[in-house]
Amino acid sequence: LCPPGVLPLCCRLPAWDRASRPPPSLLQPPGLPLAPCRSFSNNKIQVELDESSGVAMMKFKSPPVNSLNLEFLTEFSISLEKLENNRACRGVIITSALPKVFSSGLDITEMCGKSMEHYTEFWRAVQEMWLRLYGSNMVTVAAVNGSSPAGGCLVALSCDYRIMAENPKFSIGLNEAQLGIVAPFWFKDTFVNVVGHRIAERSLQLGSLHPAPEAHKLGLVDELVPEEKLMEKAAAVMAQWLALPDHARQLTKTMMRKAVLDRLVAHREEDIKNFITFTSKESIQKSLRMYMERLKKRKS
Ligand code: CO8
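As the structure is a prediction and not an experimental result, all values here were calculated from the model.

We now examine the overall build of the chain. A tally of helices and strands in the chain yields 10 helices and 11 strands. Restricting to contacts in the chain with at least 6 residues of sequence separation, those with at least 24 account for 75%. When the accessible surface of the chain is totalled, it reaches about 13,900 Å², and 59% of it is carbon and sulfur.

And the structure:
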C-alpha cells in the first residue's frame with residue numbers, strides 16, 4: 001500500500017521500543033557551526049542532522065513555492081523515515097529555504113488533467129506523508145517562515161509546535177473551499193485537534209487564510225517571533241521538548257493522536273476513491289483550472 005521505499009506505519013517500532021537517548025547538548029550560541037552534522041540533502045528537501053543534539057533540520061528547497069508534488073512528497077516521507085529510524089535523531093525542525101513561502105500546499109497541477117493511476121499514486125503519497133509526520137515519534141517543530149496555504153498548513157498543523165515569523169504578509173490556513181474543493185476529513189481532524197471545533201468549522205467553511213497575527217490569536221500557530229529570531233526560537237523550543245524522557249512524551253503523543261491516525265488507516269482506500277471521484281469531476285477540474293489562471297493573472 002505504500003510508495004516504494006516507504007515503510008508502512010504498522011512496521012515502525014512502537015514508541016516504547018525506541019531507546020531513550022541522553023538529553024541534548026546545551027544550545028550553541030548563534031553563529032557557531034553545529035557539529036557533528038550529517039547531511040542527506042536531495043532534490044527538494046535538505047536534511048541536516050546534528051548528532052550531538054539529536055536535532056535534524058529539514059529545509060524545503062523546491063522553487064518557486066515548495067508546492068507538494070509527487071516527487072516532493074515521496075522525498076519528504078523517505079526523509080522522515082530515515083530520521084525516524086536513526087537512533088541519533090530525536091527531533092526535527094521543519095522550515096523553508098525559500099524566502100516568503102513555507103509551502104504553497106499540494107501542487108495543483110498534480111490534480112489537473114491527469115490519469116486515474118496518477119491521482120491514486122499522488123493521493124497515496126499525500127496520505128503517506130501525513131501518516132508519517134502526524135504519527136512521528138520524534139519531536140516535530142514547524143518554523144513557518146512564509147505563507148502556508150492548504151497542504152502547507154497541514155504540514156505545520158501536523159507538527160507538535162508551530163512558530164511563525166510575525167510578518168502580517170504571511171498567511172496560513174486551510175483555504176480549500178476558496179478553490180472549490182473540500183479538505184478531506186483527516187485535514188479537518190488535524191485542524192480541529194489544534195484549534196478546536198468552532199474555529200476550525202468557521203475557518204474551513206470560509207476557506208480562510210489567516211495573516212500571522214490572526215493565526216496566533218486563533219491558536220493555529222503557537223508563537224510569533226521576528227523572522228530573524230525564528231530558528232533560534234525553534235531550537236530553544238526543541239531543547240525544551242527534548243528535556244523530557246522520550247518514552248513518556250512519545251506515549252502521550254500517541255494517546256492524543258492515535259484515533260485520528262487510525263481513522264485514515266482504516267479508510268485509506270475509500271479516501272483515495274473519494275479523492276479520485278471528486279477530483280475527476282469536470283466541475284472540479286474547471287474550478288482548479290480557473291484558480292490556477294487567477295494565480296497567474298495576479299502575477300501579471
Ligand atoms: N500548485 C501549483 N503551482 C503553484 C501553486 C500550487 N499550490 N502555488 C503557486 N503555484 C505557482 C504559480 O502558479 C506560479 O507559477 P508561474 O510562475 O508559472 O506563474 C508560481 O507557482 C509562483 O507563484 P506566485 O507568483 O503566486 O508566488 P508568490 O510568492 O507571489 O505567492 C503563494 C506564493 C502565496 C504561495 C501563492 O502562490 C499562492 O497563494 N498559491 C496558491 C496556494 C494554494 O491555494 N494552494 C492550495 C493547494 S490545494 C491543497 O493543498 C489541498 C488540497 C486538498 C485536496 C482536496 C480533495 C480534492
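Next comes the rest of the account.
Looking at where Leu 106 falls in the secondary structure, it is placed in the loop between strand 5 (100-101) and helix 2 (116-134). The class for Leu 106 is buried, based on a relative accessible area of 12%. Once the C-alpha coordinates of Leu 106 and Pro 149 are considered, the two residues, 43 residues apart in sequence, prove to be 9.0 Å apart. If near-sequence neighbours (up to four positions away) are discounted, Leu 106 is found in contact with Leu 68, Met 111, Phe 122, Trp 123, Val 126 and Gly 151.

To continue, consider the nonpolar core. With 83 residues, the main nonpolar core has Met 58, Phe 76, Leu 83, Ile 94, Trp 130, Val 141 and Val 155 as its most contacted residues. Ignoring any residue separated from it by four or fewer positions in sequence, one finds Val 155 in contact with Phe 60, Leu 68, Phe 76, Ile 94, Phe 102, Met 129 and Leu 133.

This paragraph deals with the packing of helix 4 (residues 185-195) against helix 5 (residues 197-206). Across the interface, helix 4 lies against helix 5 with an axial gap of 7 Å and an inter-helix angle of 130°. Between helix 4 and helix 5, the angle is such that the two are oblique. For helix 4 against helix 5, the interelement crossing comes out right-handed. On helix 5, the residues that touch Lys 188, Phe 191, Val 192 and Val 195 of helix 4 are His 197, Ile 199, Ala 200, Ser 203 and Leu 204.

Right, let's get into the side chain of Lys 253. Topologically, Lys 253 is positioned in helix 8 (residues 246-266). On the basis of relative accessibility, which here comes to 10%, the residue Lys 253 falls in the buried class.

Glancing now at the pattern of salt bridges. This model, assessed by the stated rule, comprises 13 salt bridges. Glu 128 is the salt-bridge partner of Arg 132, the closest N and O atoms lying 3.3 Å from each other. Placement of the pair is Arg 132 and Glu 128 together in helix 2, with a separation of 4 residues, close to one helical turn. For Arg 132, a relative accessible area of 2% translates into the label buried. What makes Glu 128 buried here is its relative accessible area of 1%.

This next bit is on unusual backbone geometry. Phi is mostly negative for residues that are not glycine, and the peptide bonds are mostly trans. Here the bond from Pro 63 into Pro 64 is cis, since omega is 5°, no more than 30 degrees from zero. Here Pro 64 is to be found in the loop between strand 3 (55-60) and helix 1 (70-84).

Of all 5 residues in strand 8 (residues 161-165), 5 are buried; the element is thus mostly enclosed. Residues Tyr 161, Ile 163 and Ala 165 line one face of strand 8 and the alternating positions Arg 162 and Met 164 line the opposite face, and both faces are buried. Both strand 6 (residues 139-144) and strand 8 contribute to a ladder of 4 bridges, which runs parallel. By the bridge assignment for strand 8, Val 141 is matched with Tyr 161.

As a further point, take the packing of helix 2 against helix 4. The contact between helix 2 and helix 4 brings their axes to 12 Å, and the two run at 25°. Accordingly, the angle class assigned to the pair helix 2 and helix 4 is roughly parallel. Helix 4 is crossed by helix 2, and the crossing has left-handed handedness. Together, Trp 123, Val 126, Gln 127, Trp 130 and Tyr 134 of helix 2 and Trp 186, Phe 187, Thr 190 and Asn 193 of helix 4 make up the contact between the two elements.

The next point concerns the packing of aromatic side chains. Under the criterion given, the structure shown has 13 aromatic pairs. On the basis of an interplanar angle of 10° and a centroid distance of 4.1 Å, the ring pair of Trp 123 and Phe 275 is categorised as stacked. Taken together, the residues span a long stretch of sequence, with Trp 123 in helix 2 and Phe 275 in helix 9 (residues 268-279) at a distance of 152 residues. Given the relative accessible area of 9%, Phe 275 is considered buried.

Definitions and limits used
- Note on numbering: residues in each chain are counted from 1, in written sequence order.
- With pLDDT at 70 or above as the cut-off, local features in this predicted model cover only qualifying residues; side-chain atom pairs require 80 or more to be listed or tallied, and sums for whole chains, interfaces and linings still use all residues.
- Working from all heavy atoms in the structure, the side-chain values ignore hydrogens and water.
- Comment: elements are numbered from the N terminus, with helices defined as DSSP H or I runs of at least four residues and strands as E runs of at least two.
- Working rule for contacts: check all heavy atoms of both residues, and any pair within 4.5 Å makes them a contact.
- Areas reported as accessible are Shrake-Rupley estimates using a 1.4 Å probe. Residue values count occlusion only from the protein chains shown.
- Here's how the labels work: a residue is buried when its accessible area is under 20% of the maximum for its type, exposed when over 50%, partly exposed in between, all with a 1.4 Å probe on protein chains only.
- Only buried Ala, Val, Leu, Ile, Met, Phe, Trp, Tyr and Cys residues count toward a nonpolar core, and they belong to the same one when joined by side-chain atoms within 4.5 Å.
- The angle between two axes is taken between their N-to-C directions and runs from 0 to 180 degrees, where each axis is a line fitted to C-alpha atoms and a helix contributes only its stretch in contact.
- In these notes the angle categories are as follows: under 35 degrees is roughly parallel, over 145 is roughly antiparallel, 65 to 115 is roughly perpendicular, and the rest is oblique.
- Here is the rule for handedness: rotate from the far helix to the near one, and if that takes an anticlockwise turn smaller than a right angle the crossing is left-handed, while a clockwise turn gives right-handed.
- Here, a salt bridge means any side-chain nitrogen of Lys or Arg that lies within 4 Å of a carboxyl oxygen of Asp or Glu.
- Two strands make a pair as long as DSSP finds a minimum of two bridges between them.
- A pair of Phe, Tyr and Trp rings is counted when the ring centres sit within 6.5 Å of each other, with Trp represented by its six-membered ring. The angle between the planes then sorts it: under 30 degrees is stacked, over 60 is edge-to-face, the rest tilted.

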